[in-house]
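Residues per chain are reported as follows:
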Amino acid sequence: MMSSDNMKKVVLVTGANSGIGLALCKRLLSVDDQIHLCLACRNMQRAETARAALLCSHPGADIALLKVDVGSLKSVLEAAKELKQRYRRLDYLYLNAGIMPNPRIDFNAFINGLFSRKAIHMFATGEGLLTQEDQVTEDGLQNVFATNVFGHFILLRELEPFLCQSEKESLVIWSSSSNARRSAFSLTDYQHTQGKESYSSSKYATDLLSVALNNHYNKQGLYSSVVCPGLVMTHLTYGILPPFFWTLILPIMLLVWLFKQKPESLDPLAKYYSCTSGLGSNYVKPVKMDLDEEAAEAFYQKLLDLETKYRCWQNVK
Ligand SMILES: NC(=O)C1=CN([C@@H]2O[C@H](COP(=O)(O)OP(=O)(O)OC[C@H]3O[C@@H](n4cnc5c(N)ncnc54)[C@H](OP(=O)(O)O)[C@@H]3O)[C@@H](O)[C@H]2O)C=CC1
Ligand SMILES: CC(C)CCC[C@@H](C)[C@H]1CC[C@H]2C3=C(CC[C@]12C)[C@@]1(C)CCC(=O)[C@@H](C)[C@@H]1CC3
């Protein structure tokens, strides 16, 4: 016989202690307060604060914490080991943690874009406006790629036995972005060591990876989706511009939102955009992604090669 704890759906959210991750956890609990929610965070103090905040709004909620720095392979492997000891199942895996380090705005591009036909597109995607300064991690990987893509990929690979179970389906949901652009990504430099748009590149990589994961794992009951949460005021966006600046440009952003509103089964080649507006409309729109399946497969093979390399390296150390 299964105990009621074994029957509870297990939901894991990375980057759950702030911003979109925390808001997502709150929302998940309000939809189903019978889930077992695991907040996967790199800082346990911030994780404890998040759990306390969630328990304030959902006092009976079943919330666990897991320490994981998705930018460090050692930490990811340890966290996966811990999860395997704790759980027998994993139903939803939200791969949400993400960074955009040292963002800079190209003001010239902004002024030019403002008076061009691409103004709306520029406000919706940030195309051409943002650059970042990336760093190399202790594993020798580009930090943005390691955090936004590869650490999550290794976590998923480690948790494969839980996610691929014959009796039930599991869903992996990636926080992608409308800033994910084909032109920022290159298969020959998929870590983005050369350019200055590591964020955009990493989000495009996420989109490719999700498509490849569906091709490889759907038969085993694992499904992957990418979502675009829209432009949300979080630590990430406050790292680009201070809060008062956002308040100033909010009226322009609202106009963009209004202009783009248009109402409409999970499509593996679509990204799900949040189109919630401040004026009440509340829906998600599937948008076809700008990618092809061959590129997705080629990128997936490169990740598998990198995985093999790093596993050998971990064993040697
Ligand atoms: N805000 C926006 O407008 C948009 C955001 N997104 C995406 O949504 C996701 C969440 O971002 P958002 O909520 O805005 O930003 P926040 O900075 O508020 O949240 C990011 C979360 O990720 C965690 N995190 C960062 N690096 C690591 C790491 N190495 N290991 C573990 N956790 C880590 C942070 O933890 P800590 O507190 O310890 O730093 C934090 O909990 C990101 O993937 C982002 O790219 C997509 C589109 C738009
Ligand atoms: C007066 C100013 C210089 C105004 C500059 C505005 C820009 C900084 C923003 C306009 C659209 C924004 C945007 C993002 C960042 C900031 C802008 C470029 C994102 C790229 C942030 C992260 C995401 O994932 C995207 C969904 C955002 C898209 C829009």
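Sequence order as written defines residue numbering, which begins from 1 separately in each chain. Each chain takes a letter, starting from A, and each ligand takes a number, starting from 1, following the order in which they are written. It should be noted that, the model being predicted, local features are given only for residues of pLDDT at least 70 and side-chain atom pairs only at 80 or more, the latter also being counted only at that level, while totals for whole chains, interfaces and linings use all residues. Side-chain descriptors were evaluated using all non-hydrogen atoms of the structure, hydrogens and water having been removed beforehand.

Undergrad: Could you clarify how one ought to interpret the site of ligand 2 in this entry?
TA: In the vicinity of ligand 2 there are 22 residues, among which F107, F123, S177, S178 and Y199 approach most closely. Take S177: an N or O atom from its side chain is 2.6 Å from an oxygen atom of ligand 2. Under the rule applied, a polar contact is a pair of N or O atoms within 3.5 Å (in protein, one hydrogen donor and one hydrogen acceptor; residues adjacent in sequence only if both atoms are side-chain atoms). At 2.9 Å from an oxygen atom of ligand 2 is found a side-chain nitrogen or oxygen belonging to Y199. Counting from the N terminus, the helices are the DSSP runs of H or I reaching at least four residues and the strands are the DSSP runs of E reaching at least two. Of all the secondary structure elements, the ones that give two or more residues to the shell around ligand 2 are α5 (107–114), α6 (119–125) and α11 (243–260). Polarity classes work like this: nonpolar for Ala, Val, Leu, Ile, Met, Phe, Trp, Tyr, Cys and Pro, charged for Asp, Glu, Lys and Arg, and polar for all others, with Gly in that last group. Class assignment for the residues of the shell around ligand 2 results in 17 nonpolar, five polar and no charged. Any residue with a heavy atom positioned within 4 Å of a molecule or strand is treated as near that molecule or strand.

Undergrad: Got a minute to help me understand the site of ligand 1 in this structure?
TA: Taken together, 29 residues surround ligand 1, and among them R42, N96, Y199, V232 and T234 come closest. Separating a nitrogen atom of ligand 1 from a backbone N or O atom of G71 is a distance of 3.5 Å. In this description, accessible areas are obtained by the Shrake-Rupley approach with a 1.4 Å probe, and a residue is regarded as covered only by the protein chains that are shown. Expressed as a share of its isolated accessible area of 890 Å², the protein-covered part of ligand 1 is 93%. For the shell around ligand 1, the elements supplying multiple residues, two or more each, are α2 (19–31), α9 (198–217) and α10 (235–238). Considering each element in turn, the shell around ligand 1 owes the most residues, three residues, to α10.

Undergrad: I keep staring at α9 and nothing clicks. Help me out?
TA: Along an α-helix, a turn takes 3.6 residues, which lines up residues three or four apart on a common side. To estimate the expected span of a helix, subtract one from its residue number and multiply by 1.5 Å. For α9, spanning 20 residues, the distance from its first C-alpha to its last is 27 Å, which sits close to the expected 28 Å at 1.5 Å a residue. Buried means the residue's accessible area, taken with a 1.4 Å probe over protein chains only, is under 20% of the maximum for its type, while exposed means over 50%, and partly exposed covers the values in between. The element α9 is extensively covered by neighbouring structure, given that 18 of its 20 residues are classed as buried.

Undergrad: How should I be thinking about empty space enclosed by the protein in this particular structure?
TA: Empty space among the atoms can be located by rolling a probe the size of a water molecule over them. Taken as a whole, the largest cavity holds about 60 Å³ of empty space. For the lining of the largest cavity, the elements supplying multiple residues, two or more each, are α4 (73–86) and α12 (293–316). Of all the elements, α12 adds the most residues to the lining of the largest cavity, at four residues. Within the lining of the largest cavity, the residues separate by chemical class into four nonpolar, one polar and two charged. Of the voids in this model, the second largest cavity is the one considered here, and its volume is about 40 Å³. Lining the second largest cavity are G126, G128, L129, L130, Q132, N179, R181, E197 and S200. Tallied by class, residues from the lining of the second largest cavity come to two nonpolar, five polar and two charged. Within this scheme a cavity is a closed region of a 1 Å grid, computed over the protein atoms alone, that accommodates a 1.4 Å probe without allowing it to escape, whereas a pocket is open but has protein on both sides within 12 Å along at least five of seven lines; lining residues each have an atom within 4 Å of a point. Grid points are joined across faces, edges and corners, and a volume is the space filled by probe spheres set on the points.

Undergrad: Would you mind showing me how to read the pairing of strand β4 (residues 92–95) here?
TA: Each regular strand carries side chains that alternate between the two faces of the sheet. When DSSP finds at least two bridges between two strands, those strands are taken to pair. Two elements, strand β1 (residues 10–14) and β4, share three bridges in a ladder whose sense is parallel. When the bridges of β4 are listed, V13 appears paired with Y94. Bridge count for β4 against strand β7 (residues 170–175) is four bridges, and the pairing is parallel. Paired with L95 across the bridge in β7 is W174.

Undergrad: For this particular structure, what's the right way to read the packing of α4 against helix α7 (residues 143–158)?
TA: In a pair of packed helices, the angle between the axes and the distance between the axes together describe the arrangement. Axis geometry follows a simple rule: fit a line to the C-alpha atoms, using only the stretch in contact for helices, then measure angles between N-to-C directions, giving values from 0 to 180 degrees. Two elements in contact, α4 and α7, have axes separated by 9 Å at closest approach and are oriented at 30°. By the angle between their directions, the pair α4 and α7 is classed as roughly parallel. For the element pair α4 and α7, the recorded crossing hand is right-handed. On α7, the residues that touch L73, V76, L77, A80, L83 and K84 of α4 are F150, G151, I154, L155 and E158. The residue makeup of the contact of α4 with α7, split by class, is eight nonpolar, one polar and two charged. For classification purposes, angles smaller than 35 degrees are called roughly parallel, those larger than 145 roughly antiparallel, those between 65 and 115 roughly perpendicular, and all remaining angles oblique. By definition, turning the near helix anticlockwise from the far helix through less than a right angle yields a left-handed crossing, and turning it clockwise yields a right-handed one. When checking whether two residues touch, look at their non-hydrogen atoms; a contact exists if any pair is within 4.5 Å.

Undergrad: I would appreciate a short explanation of the nonpolar core in the present structure.
TA: In globular proteins that are soluble, nonpolar side chains generally tend to be buried together. In this structure, L12, F150, L155, L209 and F299 are the most contacted members of the largest nonpolar core, which totals 55 residues. One finds C25, I35, A61 and I63 within the second-largest nonpolar core, a separate group that totals 19 residues. Only buried residues count toward a nonpolar core, which is a set of Ala, Val, Leu, Ile, Met, Phe, Trp, Tyr and Cys residues joined through side-chain atoms within 4.5 Å.

Undergrad: Before we go on, may I ask you to explain the environment of M100 in this structure?
TA: With respect to the element layout, M100 can be found in the loop between β4 and β5 (104–105). With relative accessibility at 11%, the residue M100 sits in the buried group. Taking the C-alpha atoms as reference points, M100 and D134, 34 residues apart in sequence, are found 8.5 Å from one another. Those residues in contact with M100 that sit more than four places away from it in its chain are L130, Q132, Y199, L236 and I240.

Undergrad: Sorry if this is basic, but what is going on with the environment of G19 here?
TA: With respect to the secondary-structure elements, G19 resides in helix α2. In this structure, the C-alpha to C-alpha distance between G19 and V232, residues 213 residues apart in sequence, is 8.1 Å.

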